[in-house]
Amino acid sequence: MELRRRAQAVIPGGMWGHQHVQRLPEGYPQYFTRGKGCRTWDANGRGYIDYMCAWGPMILGYQDPDVEAAAARQREMGDGLNGPTPALVDLAELMVETIPHADWALFSKNGTDATTACVTIARAGTGRRKILVARGAYHGAIPWCTPSVAGVTEEDRAHLIQYDYNDIASLEAAVDQAGQDLAGIIVSAFKHDVGKEHILPTRAFAARARELATQADAALIVDDVRAGFRLHIGGSWELVGVRADLSAWSKAIANGHALAAVTGSDRFRKAATEIYTTGSFWTAGVSMAAAIATITKLRDTNGVAHMEAMGLRLREGLQKQADSLGLKLRQSGPVQMPVFLFEGDDDRRIGNRFCLEALARGVFFHPVHTMFLSTAHTPAIIDETLEISAEALRATANAL
């Protein structure tokens, strides 16, 4: 509480953005001191089995030894220099080798950088303005896409046209509305609106999005910032048989080191050279060395399959527990990126209670947001989690 009191005096609102615990039920910690594997410890010394993974970046677990060794080697030689380190080229080559649609890669620092660059490249490459976005989708925190309207003008979003995710007719209508001015269609890896069931893309929707973009000579942009490398090592829409023209990456790309990327096809290579996008920290070598180690380890250990198996183990265990207590638990999304909701829980009373009961016993779940598993979540960790969740669900059922 002392840290929060001090923060109120020097930080507007005491905190900002998605990590502000005022968005969570009272009782969640705001400050953390360390993490190891799939566990975190808050500023009061309490430890948790963590299912937020730093809101997605931790894919191999906190302080993964291979990633940190690679980062340390690069740090000894230099991080931010007068130009990029050789790790820039090594990483770009690795991403082109790993991601089937990628002919090239550019790097920045966060997801908003990457999605915005994708949109800018699409416009530069087509000479058009209209971008189709799914209603309710999140693509970053900048005026063209932020969920807030504070400080945003109509002009910032004048060339956005909305459609409904997974609704082919809605997408076709948006394409018709854009007419000859269509620059790109941006899609999320899957529909992951906060507080709602997560919905995977249908093959029919994905194929039609690809077809419409191709017919219009516009860019199909996949925002893989949240899901990239957790669902498929080559990009999330590989699972539905569709390859993008441009993709945005961040979060898990460097296992917690700040980095983002845009990958693209040769169709948009020239446009990527024509736009001006830059940052003094964007070519820093440490995060790139960390990314090389992260992607290589995920690929060589088949990390995606491990996370999927652990996610399924957790999902099946939780469902069995909830069903036995008569609690109508609704789990959705990919098993390695779950969200837990309860039927008829419009005021979040049940979900909040369950998550707080779990938190008190040492498991960090989120009541409404996408959660994340890492390769550090082992069968033993999942079983320990299920022992705690059984108690938390029982306490929740008794309180109703």
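Everything quoted here is computed from the prediction, not taken from an experiment.

Caption draft 1: Here's a closer look at the pairing of strand S2 (residues 39–42). As judged from the four bridges shared by strand S1 (residues 32–36) and S2, these two strands associate in the antiparallel manner. The partner of Lys 36 across the bridge, within S2, is Arg 39. Counted along the chain from S1 to the antiparallel partner S2, the turn is two residues long, and its residue Gly 37 has a positive phi close to 60 degrees. Alignment of S2 against strand S3 (residues 47–50), held across three bridges, turns out to be antiparallel. Looking across to S3, one finds that Trp 41 is bridged to Gly 47.

Caption draft 2: Main features of the environment of Ala 122. Mapping Ala 122 onto the fold places it in helix H4 (residues 111–126). The buried category is assigned to Ala 122, whose relative accessible area is 0%. Spatially, the C-alpha atoms of Ala 122 and Ala 219 are 5.7 Å apart, while their sequence positions differ by 97 residues. Residues within four places of Ala 122 in sequence aside, it is in contact with Ala 183, Ala 219, Ile 221, Leu 246 and Phe 268.

Caption draft 3: Region of the structure containing the packing of aromatic side chains. In the structure shown here, the tally under the stated rule is 11 aromatic pairs. Both rings, one in Phe 32 and one in Phe 364, keep their centres 6.0 Å apart while their planes meet at 65 degrees; by these two values the pair is edge-to-face. Here Phe 364 lies in strand S13 (residues 363–364) and Phe 32 lies in strand S1, a separation of 332 residues in the sequence. Judged by relative accessible area, Phe 32 falls into the partly exposed class, the value being 39%. Through a chain of ring-to-ring contacts, the aromatic side chains of Tyr 51, Phe 340, Phe 342, Phe 354 and Phe 365 assemble into a single cluster. Over the face of the ring belonging to Phe 268 we find Arg 267, whose NZ or CZ atom lies 4.4 Å from the ring centre.

Caption draft 4: Fine view of the sheet that holds strand S6 (residues 160–163). The mixed open sheet is built from seven strands, whose spatial order is S4-S10-S9-S8-S7-S5-S6. The strands lining the two open edges of the sheet, one partner per strand, are strand S4 (104–108) and S6. In this sheet, adjacent strand axes meet at a mean angle of 20 degrees when their direction is disregarded. Helix-sheet contacts for helix H5 (residues 168–178) involve strand S5 (130–134), S6 and strand S7 (182–188), and the interaxial angle to S6 is about 160 degrees.

Caption draft 5: How the structure looks around empty space enclosed by the protein. The full count for this structure, using the stated rule, is two cavities of 30 Å³ or more. Space inside the largest cavity adds up to approximately 80 Å³. Lining the largest cavity we find 14 residues, and of these His 101, Gly 234, Gly 235, Trp 237 and Ser 247 sit closest to its centre. In the lining of the largest cavity, the residues fall into six nonpolar, five polar and three charged. Quantified by volume, the second largest cavity comes out at close to 40 Å³. In terms of lining, the second largest cavity is formed by Ala 134, Arg 135, Ala 137, Tyr 138, Tyr 165, Ser 188, Phe 190, Lys 191, His 192 and Asp 193. For the lining of the second largest cavity, the residue count by class is five nonpolar, two polar and three charged.

Caption draft 6: Focus on the layout of surface pockets. If you add up the space inside the largest pocket, you get close to 1500 Å³. Lining the largest pocket are 47 residues, with His 18, Tyr 138, Gly 140, Ala 141 and Arg 226 positioned closest to its centre. The set of elements that each furnish at least two residues to the lining of the largest pocket consists of H4, S5 and S6. When residues in the lining of the largest pocket are grouped by element, the largest group, three residues, is from H4. Residues of the lining of the largest pocket, tallied by class, amount to 18 nonpolar, 20 polar and nine charged. Its volume calculated, the second largest pocket comes out at about 500 Å³.

Caption draft 7: Region of the structure containing the nonpolar core. Tyr 51, Leu 314, Leu 318, Phe 340, Phe 354 and Phe 365 are the most contacted members of the largest nonpolar core, which has 34 residues in total. Sorting the residues of this core by element identifies S3, helix H9 (303–325), strand S12 (339–342), helix H10 (349–360), S13 and helix H11 (379–399) as the ones contributing at least two each. If one sorts the elements of this core by residue count, H11 sits on top with six residues. If near-sequence neighbours (up to four positions away) are discounted, Phe 365 is found in contact with Tyr 28, Tyr 51, Phe 340, Phe 354, Cys 355, Ala 358, Met 371 and Thr 385.

Basis of the calculations
Residues numbered from 1 in each chain as written. Predicted model: local features only at pLDDT ≥ 70, side-chain atom pairs only at ≥ 80, totals over all residues. Heavy atoms only, no water. Pairing = 2+ DSSP bridges. Helix = DSSP H or I, 4+ residues; strand = E, 2+ residues; numbered from the N terminus. Buried < 20%, exposed > 50% of the residue type's maximum accessible area, 1.4 Å probe, protein only. Contact = heavy atoms within 4.5 Å. Phe/Tyr/Trp six-rings, centres within 6.5 Å; stacked < 30°, edge-to-face > 60°. Lys NZ or Arg CZ within 6 Å of the ring centre and 35° of its normal. Axes fitted to C-alpha atoms, helices over the stretch in contact; angles between N-to-C directions. 1 Å grid on protein atoms, 1.4 Å probe; cavity = no way out; pocket = protein on both sides within 12 Å on 5 of 7 lines; lining within 4 Å. Points joined across faces, edges and corners; volume = space filled by probe spheres on them. Nonpolar A, V, L, I, M, F, W, Y, C, P; charged D, E, K, R; others polar. Core = buried A, V, L, I, M, F, W, Y, C linked by side-chain atoms within 4.5 Å.

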